Amino acid sequence: MISAVISPYSPGYVATLAYMLQSTEYRAGPYLAWYWRTQDFSKVAKRRQLDRTRAARLLMLALALGIVVQIAAGLVLLALWRWHGLAGGWAFGLALLISYPVVWAHLAVVPLVLGRTLIVRPRERQLVRQSERIFKEHPAAKVAIAGSYGKTSMKELLLTVLREGKRVAATPANKNVAVSHAQFAHSLTGDEDILLIEYGEGAPGDVGAFARTTHPTHAVITGVTAAHLDRYKTVAAAAADIFSVAGYLENKHQCYVNDESPEAESFVRPEYTRYSRDGALGWKVSETAVSVSGLSFTLTKGKQKLTFTSGLLGRHQLGPLSLAAALAHDFGLGHEAIVAGIGKTTPFEHRMQPYALSGAWIIDDTYNGNLEGVRAGTELLRELPAKRKLYITPGLVDQGSETESIHQAIGRLIAASGAAVVVLMQNSVTGFIQSGLQAADFKGEVRIEPDPLEFYTNLSHFVSAGDVVLMQNDWPDNYA
């Protein structure tokens, strides 16, 4: 209790405010909501630490100077009251000394709001308007990649394969909103054969707006599941937005949909093209082998037969890999180039990314997360051989009214994965996952970790040689 009361007056308070702003991407609303529900500012950074970028350092300097000035003003008023009898000096001085944590926590967002409203947003709107002409006039095939999950992995997979024989440009990392698309457009040389454009979905209407700007000729829909339900409210609303991209295609057959996504099924029209772990565009998958280092499989179509190896993990990757190979063939790549491209595919950072630690294999799948990702991960964990299997998760954010049912489903999936030890990070959904584990009669060990940062930092002390450890999902500190 005492620690919570004095925490806003501690030397680390300024760094805490900078961390909170940085973690919410300098957005005033989420930052203030997090600030007002925080009871102890000494216990804010549980999952990572402040990245002391130039912006963060300047922000901390400005806050520190402001606080010093306010404290100095309070002390001056108290001195004037004490030595010169200034009326009300003691009250105003004491108020300044007591209130500075709250005052500067809120003043910090004023330049952010003004800058975003008066400078950033007008510039971004202009940039987006300019980019629409660039995309419209560009002669390349423009492939939109949309879905609740797997977008960045699909984009990187297509980029790796298609660049074996074509000039390909892709939106960088997970930059998938309008301004990112505009910046991408302005970086183009004009001689690209194929453009890969990842579409994020944060609120209703986003995908349609992106399509009107980028003029896609092809679209890949990676799947639909519960995500961003704080804005979409229902999975159906999210699916409708995602599938709206198909309405902007001249050839609806060039809308490729993951056939392993149950939530997408009712939105798939007969003219769309499906892909799955069984194959894509007439190519059939066979002779599959799965290991902690990747996949091997064969694709056949008529008398054509191609054998592949990939660094991607899990049978759920067979569908995306098959589609990438089939599209590469349709875009005119030769068989050798396609095999070479698939052979170069590796996991994107924090997406089913394996590494060795203390004789154990760690599979890092901690980038955000969703129920379908959990399903794919637990399926992989069940299939891999190990002396001991461990599953680690904090749960999922942004699940809206389905939070309880989704996390109970996660508990049941974990129970079926063959995990001997389950580690849950303590937060608001932990009990729901435990309920799912209990409903599935899980017999293994369950550990609840109150300090995720300490646990992940000392993971090497927790694992043993021969273990396979699956770490899934992320839980930013601004979520309770």
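Heads up: the structure comes first, above all this text.
Note that the structure is predicted; figures quoted are calculated from it, not measured.

Calculation criteria
Residues numbered from 1 in each chain as written. Predicted model: local features only at pLDDT ≥ 70, side-chain atom pairs only at ≥ 80, totals over all residues. Heavy atoms only, no water. Helix = DSSP H or I, 4+ residues; strand = E, 2+ residues; numbered from the N terminus. Buried < 20%, exposed > 50% of the residue type's maximum accessible area, 1.4 Å probe, protein only. Contact = heavy atoms within 4.5 Å. Areas by Shrake-Rupley, 256 points an atom, 1.4 Å probe, with all protein chains shown as cover. Lys, Arg positive; Asp, Glu negative; His and termini not counted. Charge placed at Lys NZ, Arg CZ, Asp CG, Glu CD. Pairing = 2+ DSSP bridges. Phe/Tyr/Trp six-rings, centres within 6.5 Å; stacked < 30°, edge-to-face > 60°. Lys NZ or Arg CZ within 6 Å of the ring centre and 35° of its normal. Axes fitted to C-alpha atoms, helices over the stretch in contact; angles between N-to-C directions. Salt bridge = Lys/Arg side-chain N within 4 Å of Asp/Glu carboxyl O. Parallel < 35°, antiparallel > 145°, perpendicular 65-115°, else oblique. Left-handed = near helix turned anticlockwise from the far one by under 90°. Nonpolar A, V, L, I, M, F, W, Y, C, P; charged D, E, K, R; others polar.

Participant: An account of the overall build of the chain is requested, with residue identities and associated values reported.
Facilitator: Assigned secondary structure in the chain consists of 17 helices and 16 strands. In terms of overall dimensions, the chain has a C-alpha envelope of 100 × 60 × 35 Å along the principal axes. Among the 480 residues that make up the chain, the fraction classed as buried is 49%. Relative to all contacts within the chain whose residues are 6 or more apart in sequence, the contacts with residues 24 or more apart total 70%. For the chain, the computed accessible surface area is about 22100 Å², with 56% contributed by carbon and sulfur atoms. Between the centroid of the 46 positive side chains of the chain and the centroid of its 43 negative side chains there is a distance of 4 Å.

Participant: Now, about the sheet that holds strand β4 (residues 218–221): what can you tell me, with residues and values included?
Facilitator: Across the sheet, which stays open at both edges, the 10 strands sit in the order β2-β3-β1-β4-β5-β6-β7-β8-β9-β10 with mixed pairing between neighbours. Bordering the open sheet on either side are β2 (168–170) and β10 (304–310), each of which pairs with just one other strand. Pairing between strand β5 (residues 255–258) and strand β6 (residues 273–276): 3 bridges, direction parallel. Note that in β6 the partner of Asn 258 across the bridge is Tyr 275.

Participant: Requested: an account of the packing of aromatic side chains, with residues and values cited.
Facilitator: Applying the stated rule across the entire model yields 13 aromatic pairs. Arranged with centres 6.2 Å apart and planes meeting at 65°, the rings of Tyr 19 and Trp 34 form a pair that is edge-to-face. Here Tyr 19 is found in helix α2 (residues 13–23), whereas its partner Trp 34 is found in helix α3 (residues 28–37), with 15 residues between them in sequence. The exposure classification of Tyr 19 matches that of Trp 34, with both residues buried. Pairwise contacts between aromatic rings join Tyr 13, Tyr 31, Tyr 35, Trp 36 and Phe 41 into one cluster. Lying across the ring of Tyr 367, Arg 351 places its NZ or CZ 3.6 Å from the centre.

Participant: Lay out the sheet that holds strand β16 (residues 467–472) with the relevant residues and their values.
Facilitator: The strand order across the open sheet formed by 6 strands is β11-β12-β16-β13-β14-β15, and the pairing between neighbours is mixed. Single-partner strands in this sheet number two, and they are β11 (353–357) and β15 (445–449). Taking each pair of neighbouring strands and ignoring which way they run, the sheet shows an average axis angle of 20°. In this fold helix α16 (residues 430–439) packs onto β13 (388–393), β14 (421–425) and β15, with an angle of close to 155° to the strand it touches most, β14.

Participant: Requested: an account of the pairing of β5, with residues and values cited.
Facilitator: Residue alternation in β5 divides its side chains into two sets, Cys 255 and Val 257 and Tyr 256 and Asn 258, and both sets are buried. Bridge analysis of β4 against β5 gives 3 bridges, and the strand direction is parallel. Bridge pairing links Ile 221 to Val 257 in β5.

Participant: How would you explain the pattern of salt bridges if you had to name every residue and give the values?
Facilitator: Tallied over the entire structure, the rule returns 16 salt bridges. For Arg 133, the salt bridge identified is with Glu 137, shortest N-O distance 3.6 Å. Of the two residues, Arg 133 and Glu 137 are both situated in helix α6 (residues 110–137); the distance of 4 residues between them amounts to about one turn of the helix. For Arg 133, a relative accessible area of 47% corresponds to the partly exposed category. What makes Glu 137 exposed here is its relative accessible area of 54%. Here Asp 467 makes a salt bridge to Arg 388, at a shortest N to O gap of 2.7 Å. Within this pair, whereas Asp 467 is found in strand β16, its partner Arg 388 is found in strand β13, the two being separated by 79 residues in sequence. By relative accessible area, Asp 467 is classed as buried at 3%. Here the salt bridges share partners, and the residues they tie into one network are Lys 155, Glu 156 and Glu 198.

Participant: Break down the packing of α2 against α3 for me, citing the residues and quoting the values.
Facilitator: One can describe the packing of α2 onto α3 by two numbers: an axis separation of 8 Å at closest approach and a directional angle of 135°. Between α2 and α3, the interaxial angle falls into the category oblique. You can see that α2 and α3 cross each other, and the crossing is right-handed. Contact residues: α2 offers Tyr 13, Leu 17, Tyr 19, Met 20, Leu 21 and Ser 23, while α3 offers Tyr 31, Trp 34 and Tyr 35. Of the residues contributing to the contact of α2 with α3, the split by class is 8 nonpolar, 1 polar and no charged.

From the geometry alone we can't say anything about function, so treat these as descriptive.
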